[in-house]
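Take a look at the letters that make up each chain.
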Amino acid sequence: MSQQINLFNPLLRQQHKHFSLPAMLQAWGMIVAGALLYYGYANLQLRYLNAQAEQSIKRYNAEQVQFTRYAAEFSPQQAQRLLQDEVQRMERQVTDQGAIIETLKSGAVGNTGGYSEYMRAFARQVVPGLWLTGFKITGDGAQISLSGGVVDPELLPVFIQRLGKERIMQGKTFSTLQMQQPKVPAATEANKAAPPVPARYVEFTLYSGGTGEAKK
């Protein structure tokens, strides 16, 4: 007769320590690191949301100010006052324009046709050897001054006679004539070898009666 003897003793098995101190410290460190990362991320999100909230508040306040200003500017009372001011401005403008038209019709300002006809007259009466360099017409044309150059002074009476045939110049006379030689440039080191040659023409200025320049 055989007998089996169980030699297995649970106490003789090697025990595994699942919750050793190093393992617990490592797990705790991982938990703390994760918590810190989560806290940092949450803090960044909170700052971003706070910045957005501040921008929204600023925009809201700016829109409120603009709305208040628009409401004040475009209120019915303000619109009516602006309309009345515009109507009064247009009435003053119409009155002023009417006064100007009446003044022009009465001829109180003298020459109402401008000075273009004078320019046409000067351009039509061209005398070879004579040219104009400037003119001045005051008021209604009662005071006229002409300046220019001429190679022969005897051409001036011819020019004045022709100019007197123009309709715009009828009744107007020149009472003063001034003539002078053109100024010769002073000699310099550059042109000392070849000094400037005097001009072969004379400058003239004609003044009608009553012109201020003729009295000087």
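Everything quoted here is computed from the prediction, not taken from an experiment.

**Observations regarding the overall build of the chain**
Within the chain one finds four helices and four strands. When the elements of the chain are put in sequence order from the N terminus, they spell out α-α-α-β-β-α-β-β. In the chain, the share of contacts with a sequence separation of at least 24, taken over all contacts with a separation of at least 6, comes to 61%. Of the roughly 17700 Å² of accessible surface on the chain, a fraction of 59% belongs to carbon and sulfur atoms.

**Re the nonpolar core**
For soluble globular proteins, nonpolar side chains are generally found buried alongside one another. Within the largest apolar cluster, 18 residues are counted, with the highest numbers of intra-cluster contacts made by Tyr118, Leu130, Ile144, Leu146, Leu163, Met169 and Phe174. Every element with two or more residues in this core is listed here: helix 3 (116-124), strand 1 (130-138), strand 2 (143-150), helix 4 (155-164) and strand 4 (202-208). Contact partners of Leu130, with chain neighbours within four places excluded, come to Gly149, Val150, Leu155, Leu156, Phe159 and Phe204.

**Some thoughts on the pattern of salt bridges**
Following the criterion strictly, the structure yields three salt bridges and no others. Between Arg120 and Glu117 there is a salt bridge, and its shortest N-O distance comes to 3.2 Å. You can see Arg120 and its partner Glu117 sitting in helix 3, three residues apart, about one turn around the helix. Given a relative accessible area of 22%, Glu117 falls into the partly exposed group. The salt bridge partner of Glu166 is Arg124, with a shortest N-O separation of 2.7 Å. With Glu166 in the loop between helix 4 and strand 3 (174-180) and Arg124 in helix 3, this pair connects stretches of sequence that are 42 residues apart.

**Notes on the confidence of the model for the chain**
Mean pLDDT over the chain works out to 75, with 66% of the residues at or above the 70 mark. Within the model, the stretch residues 106-110 combines pLDDT values under 50 with four contacts to residues more than four positions away or in other chains. Within the model, pLDDT remains below 50 along residues 211-216, and this stretch shows eight contacts once partners closer than five positions in the same chain are excluded.

**Quick look at helix 4**
Along helix 4, the positions that sit buried rather than exposed are Leu156, Phe159 and Leu163. For helix 4, the angular spread of the buried residues around the axis is 65°, confining them to a single face. In helix 4, the exposed residues that point more than 90 degrees away from the buried face are Pro157 and Gln161. Of the surrounding secondary structure, the elements contacted by the buried residues of helix 4 are helix 3, strand 1, strand 2, strand 3 and strand 4.

**Observations concerning helix 3**
All of the buried residues along helix 3 are Tyr118, Ala121 and Phe122. The buried side chains of helix 3 occupy one side of the element, clustering within an arc of 95° when seen end-on. Taken together, the buried residues of helix 3 touch strand 1, strand 2 and helix 4.

**Digging into the sheet that holds strand 2**
Here we have four strands laid out as an open sheet, ordered 1-2-4-3, and antiparallel in their pairing. Single-partner strands in this sheet number two, and they are strand 1 and strand 3. Shown here is a sheet whose adjacent strand axes are inclined to one another by a mean of 15°, direction ignored. Sitting on the sheet, helix 3 touches strand 1 and strand 2, and the angle it makes with strand 1 is about 160°.

**Here we look at the packing of aromatic side chains**
Using the criterion set out here, one finds two aromatic pairs in the structure. Measuring from centroid to centroid gives 5.4 Å for Phe122 and Phe135, while their planes differ by 65°, and the two rings are edge-to-face. Placement of the pair is Phe122 in helix 3 and Phe135 in strand 1, with a sequence separation of 13 residues.

**Re the environment of Met169**
Tracing the backbone through its elements, the reader meets Met169 in the loop between helix 4 and strand 3. A relative accessible area of 2% places Met169 in the buried class. It is 9.7 Å that separates the C-alpha atoms of Met169 and Ala142, two residues lying 27 residues apart in sequence. The contacts of Met169, once residues within four sequence positions are left out, are Tyr118, Phe122, Ile144, Leu163 and Phe174.

Conventions used here
Residues numbered from 1 in each chain as written. Predicted model: local features only at pLDDT ≥ 70, side-chain atom pairs only at ≥ 80, totals over all residues. Heavy atoms only, no water. Helix = DSSP H or I, 4+ residues; strand = E, 2+ residues; numbered from the N terminus. Contact = heavy atoms within 4.5 Å. Areas by Shrake-Rupley, 256 points an atom, 1.4 Å probe, with all protein chains shown as cover. Core = buried A, V, L, I, M, F, W, Y, C linked by side-chain atoms within 4.5 Å. Buried < 20%, exposed > 50% of the residue type's maximum accessible area, 1.4 Å probe, protein only. Salt bridge = Lys/Arg side-chain N within 4 Å of Asp/Glu carboxyl O. pLDDT = per-residue confidence, 0-100. Arc of directions from axis to C-beta. Pairing = 2+ DSSP bridges. Axes fitted to C-alpha atoms, helices over the stretch in contact; angles between N-to-C directions. Phe/Tyr/Trp six-rings, centres within 6.5 Å; stacked < 30°, edge-to-face > 60°.

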